[in-house]
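# Structure assessment
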Amino acid sequence: MLVTAPADQLLAGFQLAETRCNYCKITLQEGDPVSAYAVRYAGDDEWDVPRLYCHPCRATIEEPTLGATELLAEGRLGLTMDAAIQRTSLTLLGIERVIQSEPEDGRATL
Ligand SMILES: [Zn+2]
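All values derive from a computational prediction rather than experimental measurement. (Residues numbered from 1 in each chain as written. Predicted model: local features only at pLDDT ≥ 70, side-chain atom pairs only at ≥ 80, totals over all residues. Heavy atoms only, no water.)

### Some details on the pattern of salt bridges
Applying the stated rule across the entire model yields three salt bridges. One salt bridge connects R20 with E18, and the closest N-O pair in it is separated by 3.6 Å. Given a relative accessible area of 38%, R20 falls into the partly exposed group. A salt bridge links E74 to R97; its shortest N-O distance comes to 3.0 Å. Taken together, the residues E74 in strand β3 (residues 68-82) and R97 in strand β4 (residues 87-101) connect sequence positions 23 residues apart. (Salt bridge = Lys/Arg side-chain N within 4 Å of Asp/Glu carboxyl O. Buried < 20%, exposed > 50% of the residue type's maximum accessible area, 1.4 Å probe, protein only. Helix = DSSP H or I, 4+ residues; strand = E, 2+ residues; numbered from the N terminus.)

So this is what it looks like as structure tokens:
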């Protein structure tokens, strides 16, 4: 376990590439409550957030991936302004709860 900061600190402010619910494909907006699925593979320093879910579709990690640390973070979307490049991006804010699966969990059920 190489995580040196609490998961909510790692993911707070994470710039999201995908802003649609992975399940119902609704486009999520600033202020919407979301669940973000984050994964970091063994030997990798970087977190990836490949999937977002809207509140009604809030999912759980049903089949943990062996060799990966997976998180499901519940929070909301916020807009972060990068003044240097005059661009806003959707980020994760207000993370309230994080469900975590460790690499050695394999297929255990959370
Ligand atoms: Zn949805």
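Next comes the rest of the account.
### Focus on the coordination of the zinc ion
Protein-derived ligands of the zinc ion are C21 (SG), C24 (SG), C54 (SG) and C57 (SG), with the metal-ligand distances lying across 2.2 to 2.3 Å. The coordination sphere of the zinc ion comprises four donor atoms, whose angles at the metal cover 100 to 117°; the geometry is tetrahedral. All donors of the zinc ion come from a single chain, and their spacing in sequence reads C-x2-C-x29-C-x2-C. With C21 in the loop between α1 (7-11) and β1 (33-41) and C54 in strand β2 (residues 48-54), this pair connects stretches of sequence that are 33 residues apart. (Donors = N, O, S within 2.8 Å, 3.2 Å for Na, K, Ca; no water. Tetrahedral: all angles 85-135°; square planar, octahedral: opposite > 155°, others 65-115°.)

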